[in-house]
Amino acid sequence: AVRALAADAAAADLWLLLDGEPALWQLRGGRLRAVEGIPAADAMVATDDGSVLLTTAEGVVRVRPGRSLGLDGPLDGAVVRDGFSVHITPAPAEGVVAVTVQIDDDAARPADGPPWSVAFEPADLGAGPHDLLFRARYADGEAVEAALRVTVVGPPTWEADIGPLFVARCTRCHGPRGNAHALSGSATWRTEIRAILEAVEAGRMPLTPNPPLAPAEVQRIRDWQASGFLERWP
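Since the structure is predicted, the reported quantities are computational estimates derived from the model, not experimental observations.

(A) Quick peek at the overall build of the chain. When you go through the chain residue by residue, the secondary structure sums to 6 helices and 15 strands. The C-alpha atoms of the chain give a radius of gyration of 26 Å, which is well past the 17 Å a tight globule of 234 residues would have. A principal-axis box enclosing the C-alpha atoms of the chain has dimensions of 85 × 35 × 30 Å. Residues counted as buried form 37% of the 234 residues belonging to the chain. Across the chain, every contact between residues at least 6 apart in sequence was considered, and the portion connecting residues at least 24 apart equals 48%. Total accessible area on the chain is roughly 12700 Å²; 53% of this is exposed by carbon and sulfur atoms. Put simply, the chain has 21 plus and 31 minus side-chain charges, and the middle of one group is 6 Å from the middle of the other.

(B) Local environment of the environment of glutamate 159. Take glutamate 159: it is sitting in helix H2 (residues 158–169). Among residues more than four places away in sequence, those in contact with glutamate 159 are Pro164, Glu231 and Arg232.

(C) Representation of the nonpolar core within the structure. Of all hydrophobic cores here, the largest spans 24 residues; its most connected members are Phe84, Val86, Ile88, Phe120, Leu132 and Phe134. Sorting the residues of this core by element identifies strand S8 (67–72), strand S10 (84–91), strand S11 (96–103), strand S13 (116–120), strand S14 (128–138) and strand S15 (143–152) as the ones contributing at least two each. Ranked by residues supplied to this core, first place goes to S15 with 5 residues. Setting aside residues no more than four positions away along its own chain, isoleucine 88 makes contact with Leu69, Gly70, Leu71, Val99, Ala111, Trp116, Ser117, Val118 and Phe134. Grouped together as the second largest cluster of nonpolar side chains are 16 residues, Leu165, Phe166, Leu183 and Trp224 included.

(D) Quick peek at the packing of helix H5 (residues 193–202) against helix H6 (residues 215–226). Close contact between H5 and H6 brings their axes to 10 Å; oriented N to C, the two are set at 160°. Overall, the two elements H5 and H6 adopt an arrangement that is roughly antiparallel. Remark: the crossing between H5 and H6 carries left-handed chirality. Each of Ile193, Leu197, Val200 and Glu201 in H5 lies in contact with H6, whose residues at this interface are Val218, Ile221, Arg222, Trp224 and Gln225. Across the contact of H5 with H6, the residue classes tally to 6 nonpolar, 1 polar and 2 charged.

(E) Molecular detail of H6. Its 12 residues place the ends of H6 16 Å apart at the C-alpha level, agreeing with the 16 Å of an ideal helix rising 1.5 Å per residue. Turning to H6, its buried residues number three or more, namely Glu217, Val218, Ile221 and Trp224. Buried residues in H6, looked at end-on, bunch into an arc of 115°, giving them a common side. In H6, the exposed positions angled more than 90 degrees off the buried face are occupied by Pro215, Ala216 and Ala226. Those residues of H6 that are buried lie in contact with H2, helix H4 (186–191) and H5. With its phi angle positive at about 95°, glycine 228 sits one or two positions after the end of H6.

Conventions adopted
Residues numbered from 1 in each chain as written. Predicted model: local features only at pLDDT ≥ 70, side-chain atom pairs only at ≥ 80, totals over all residues. Heavy atoms only, no water. Helix = DSSP H or I, 4+ residues; strand = E, 2+ residues; numbered from the N terminus. Rg over C-alpha atoms; globule rule 2.2 N^0.38 Å. Buried < 20%, exposed > 50% of the residue type's maximum accessible area, 1.4 Å probe, protein only. Contact = heavy atoms within 4.5 Å. Areas by Shrake-Rupley, 256 points an atom, 1.4 Å probe, with all protein chains shown as cover. Lys, Arg positive; Asp, Glu negative; His and termini not counted. Charge placed at Lys NZ, Arg CZ, Asp CG, Glu CD. Core = buried A, V, L, I, M, F, W, Y, C linked by side-chain atoms within 4.5 Å. Axes fitted to C-alpha atoms, helices over the stretch in contact; angles between N-to-C directions. Parallel < 35°, antiparallel > 145°, perpendicular 65-115°, else oblique. Left-handed = near helix turned anticlockwise from the far one by under 90°. Nonpolar A, V, L, I, M, F, W, Y, C, P; charged D, E, K, R; others polar. Expected span 1.5 Å × (residues − 1). Arc of directions from axis to C-beta.

And the structure:
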């Protein structure tokens, strides 16, 4: 059964997405050809260069007539907190002379392999969204590409998380102008973290009638302690 068709008026290719395996077929010049090694796709769109973009569980995969590039790693649009790797599978692998990755607008750098893969550390990428463009180049000069977007979320820091939480929920009493025990500054929090956590976990702080900290706010303090009381990241 044909699930979807895709074509572009400027190209000679008609792409068919079928149930079963292989799922992707290309019709060109009266010849119908199966495309092997393609991950299961949910949708596709044809482009004017004759290739087709597939939306798969592994991310967006571009398939050119006769060649494609598969990615095995985080899903496209994933939020990542830890290090991860992306494994790159050109199809066919014969004739591939180089596989590279480009991060945002940086210069492309080679992948390790074959088999090809690239390891990423969140601290090297930095917090926020990042576009990863993978490219396999063949000996005849043709190249195939596949893209992946990830959003890096770093560990809690005093500058971005705990300091603002203190100002919003604690500084009225525990700040420089408060009449309670002074807790200004990350150094004080590091020294008294056990007492602070006990107070907010039990709901004793902030004092009524102020609402207690939300569970996510309490967890943020725990995570800050677990990550080593970072001032900022990366």
